[in-house]
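The primary structure of each chain is shown beneath.
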Amino acid sequence: MDIREYIKNNNLYLDGGMGTLLQEKGLMPGELPERWNISHPDIIKGIHKAYYDAGSNVVSANTFGANPFKYSDEELESLIGAGIKLVKEAAKESINTAPKFVALDIGPLGKLLKPYGELEFETAVEYFKKIALAGAKFSPDLVLIETMNDSYETKAALLGVKEACDLPVFVSNAYGEDGKLMTGAEPAAMVAMLEGMHADAIGVNCSVGPDKLGGVIEEYLKYSSLPVLMKPNAGLPRTEGGKTVYDIGPDRFSDLMKEFLEKGVSIVGGCCGTTPEFINKTFIKTKSINHKPVSGKSFTMISSYTHAVLFDKKTILIGERINPTGKKRFKQALVEKDMGYILNEGLSQAEKGAEVLDVNVGLPEIDEVAMLVDTIKELQSVSDLPLQIDTSNPLAMEKALRVYNGKPLINSVNGKEENMKEIFPLVKKYGGCVIALTLNEGGIPKTAAERVEIAKHIAETAAKYGIDKKDIIFDTLAMTISADKDAALATLESLKTLKELGFKTSLGVSNISFGLPRRELVTAAFFTLAMENGLSAAIMNPYSSEMMTAYNTFNALKGLDENCSDYISFATEKLPVYEEEAAGKKGLVKGEQKAQSGKDSVDKPKAENGDGGESGLKRAIVKGLKGEAGDLCKQLLQTREPLSIVNDEVIPALDVVGTAFEKKEMFLPQLLMAAEAANSAFEKIKEKMTDTGAKTESKGDFVIATVKGDIHDIGKNIVKLLLENYGFTVHDLGKDVPPEDIVAETIRTHAPLVGLSALMTTTVPSMEETIKQLREKAPWAKVLVGGAVLTKEYADMIGADAYGKDAMQTVRISLAYMEELNRGVNK
């Protein structure tokens, strides 16, 4: 039976945890679980059979950690093949008569992808592809991608699996108690991306218990047109008698899972800490619950790596300034590969109110493919706004879609048959909402009726490629009224008709006023008329006070602005800034003023004004602008002492980002990019101090390592980067480090601080053993621990001095301890 067909009409039961059961069976700290597929096949098969007997329809092979970072190609295929074979044997031997399926289980690679880590996106895709190819040889029924805590790695995994085979794919992400992935993605963002890439079922697993996932599941059920799966932990872990236990038992777990099935979740199982008993009690309590068919949702959404943008009642503002058309300075930036200028254009538009950024780098004299890919990557490293990929080059389009982190807006397709054949397969493969221009081989029709007919044909053709109407946004083409007095009327009538037909719409609004004096007056009036006729999105200039005034006043008058709060903020805070900028432009010559069309970023940012304003080193660090931070720091070093820059610019900027991170106003990617920008500044400072013979004083030595048996070093590397930025001398021992090596380095450096990281429950005993040895041989050292499987209670139980729930908290704890130590409190 095909599992895709089965889940249309039936609830589906997955299996539970594996790691804790293997520990009970004798898996040693640091021992790789996948090797038990060959060395202890009876134990592995016995666990699989127990899950089938308990009521599981799907049992996953013991392949979660099988990847090319751990195993050679030959061993990888051997372990995966043996793992799948054992599940198949268990299915045959099980007393369960229900339909049974075998899943190839794929977990994270354990490394952070660029730009936040060192792993290339395409390398990740190839590694996941290699895992899927190895598994597909042994004919599993589906692939389960699970415990993904980064949207970019999730995309790499799904893309790699789909390029390797045509097996059904379930995708599950690991959310924290804040309802977000480690790198900041909200549930709606993941739904948008994964549904766009045509996963077969999506949902959540690991991290926390079912009692903490209610809000996340509600978001999935609200937005997803796919079956939703749920595979939570048995609560939070702790140790009892040297063993890892969890705070939610089988009875409570199954009661909670029953509630979620009744709400519409249709695929359930368990993760860390759950056993066949958990699955059996869940099955018994829920087997009589009728399956709730998944309803197709009509939300038109795009996403970045953090959030989704919904095209609904309010018109979405798409910033138009990253485009060389009519912009001499921007053309220069493209030719000179001045990425700092381009990034500042994006950041400035975001500050002005743009919700999406259009990205067009098409110039005949440059390599558009390479430049578009680089610009997409760089923009996503400093801005969390979704992007509109704007190009007429299909190759550039595909390359950009491939590396984009999220579900993009694609600009564009049109009614020409040849064009649809080129663009729709890309939309189908990579996901996205596509802007569809209402023109065809006959050009741009003069009448609204003709444009609407083209729109209908585009939608019908898209459906043949499996692209839903909700993923098409029609551009009814604003033509200049200076050439045709009825041009605006045709566009507006088209908008109104398409809205009545249930379609979303978009316009390049400024085209309407081409060739007229004081264009912004005409454009703003037209914008208001377009919004009244149902405009869903506008490609516009957010630097234009007239456009932003039209937008904010319209929303207030149409009841789209609760308590007029957005209008009040605009009128009292932002509008005066526009007016001040306009006054400052009066000194420009007429040609320069026209070229700016509202604003062009200054050629070079000033090094001073490090107060978080429009320019300055502080702003560059906060915004994560690496190149700019280095250049500005070099400028400052000509007039200021290095330590003054560190204390007055760099550290305060990092504190701004750190505080925002702790308040959930910024997320891990912004934190990391700010740290990288600070590093760029520090490099210039180090060069200056080397030249002058000056020395820097370290905050203190810090030994850091991922414990024995654990190859996941994402968290460790993040902590290292931040500690170095705050002035610590970090001794990084890497991953899979024996306790003896950590102790030896602590003694050698007499480090006052030691940081230990672990991601897997199976390696926490290694952490506990390391702490024990440190207490005996380096009792002066304060031990900080962190990792996805840890809690403060768990950290206390294994003897740690402190628990860092994230990298920034670890920095705060370390700074506080060193301050106490330097005051002589801890001797």
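Refer to the structure above for everything that follows.
Residues numbered from 1 in each chain as written. Predicted model: local features only at pLDDT ≥ 70, side-chain atom pairs only at ≥ 80, totals over all residues. Heavy atoms only, no water.

Novice: Quick question: what am I supposed to make of the overall build of the protein chain here?
Specialist: On a plain count of helices and strands, the protein chain comes out with 31 helices and 25 strands. Once the C-alpha set of the protein chain is aligned to its principal axes, its extents read approximately 80 × 75 × 50 Å. Taken across its 827 residues, the protein chain has 58% of its residues classed as buried. A separation of at least 24 residues holds for 75% of the contacts in the protein chain among residues at least 6 apart in sequence. (Helix = DSSP H or I, 4+ residues; strand = E, 2+ residues; numbered from the N terminus. Buried < 20%, exposed > 50% of the residue type's maximum accessible area, 1.4 Å probe, protein only. Contact = heavy atoms within 4.5 Å.)

Novice: Can you walk me through the packing of helix α7 (residues 151-164) against helix α15 (residues 394-403) in this structure?
Specialist: Between two packed helices, the angle of one axis relative to the other and the distance separating the axes together describe the packing. Running from N to C, α7 and α15 cross one another at 120°; their axes reach a closest spacing of 10 Å. In this view, α7 runs oblique relative to α15, as classed from their interaxial angle. Between α7 and α15, the residues in contact are Tyr152, Lys155, Leu159 and Glu163 and Leu401, Arg402 and Val403, respectively. Looking at side-chain class alone, the contact of α7 with α15 contains four nonpolar, no polar and three charged residues. (Axes fitted to C-alpha atoms, helices over the stretch in contact; angles between N-to-C directions. Parallel < 35°, antiparallel > 145°, perpendicular 65-115°, else oblique. Nonpolar A, V, L, I, M, F, W, Y, C, P; charged D, E, K, R; others polar.)

Novice: Would you take a moment to explain helix α18 (residues 487-500) for this structure?
Specialist: Turn by turn, an α-helix covers 3.6 residues, leaving residues three or four places apart pointing in a common direction. Given a rise of 1.5 Å per residue, 14 residues ought to cover 20 Å, and the 21 Å separating the end C-alpha atoms of α18 matches this to within 8%. Taken residue by residue, α18 has Ala487, Ala488, Ala490, Thr491, Leu492, Ser494, Leu495 and Leu498 as its buried positions. The inward-facing, buried residues of α18 contact α17 (448-464), β18 (472-475), β19 (504-508) and α19 (519-532). Just beyond α18, the residue with positive phi is Gly502, at close to 90°. (Expected span 1.5 Å × (residues − 1).)

Novice: Can you walk me through the packing of α18 against α19 in this structure?
Specialist: Taken N-terminus to C-terminus, the directions of α18 and α19 make an angle of 25°; their axes are 9 Å apart at the nearest point. Here α19 runs roughly parallel to α18, going by the angle between their axes. The handedness of the crossing between α18 and α19 comes out as right-handed. Along the contact surface, α18 presents Ala488, Thr491, Leu492 and Leu495, while α19 presents Phe526, Leu529 and Ala530. In the contact of α18 with α19, the residues fall into six nonpolar, one polar and no charged. (Left-handed = near helix turned anticlockwise from the far one by under 90°.)

These results come straight from atomic positions and should not be treated as a statement about function.
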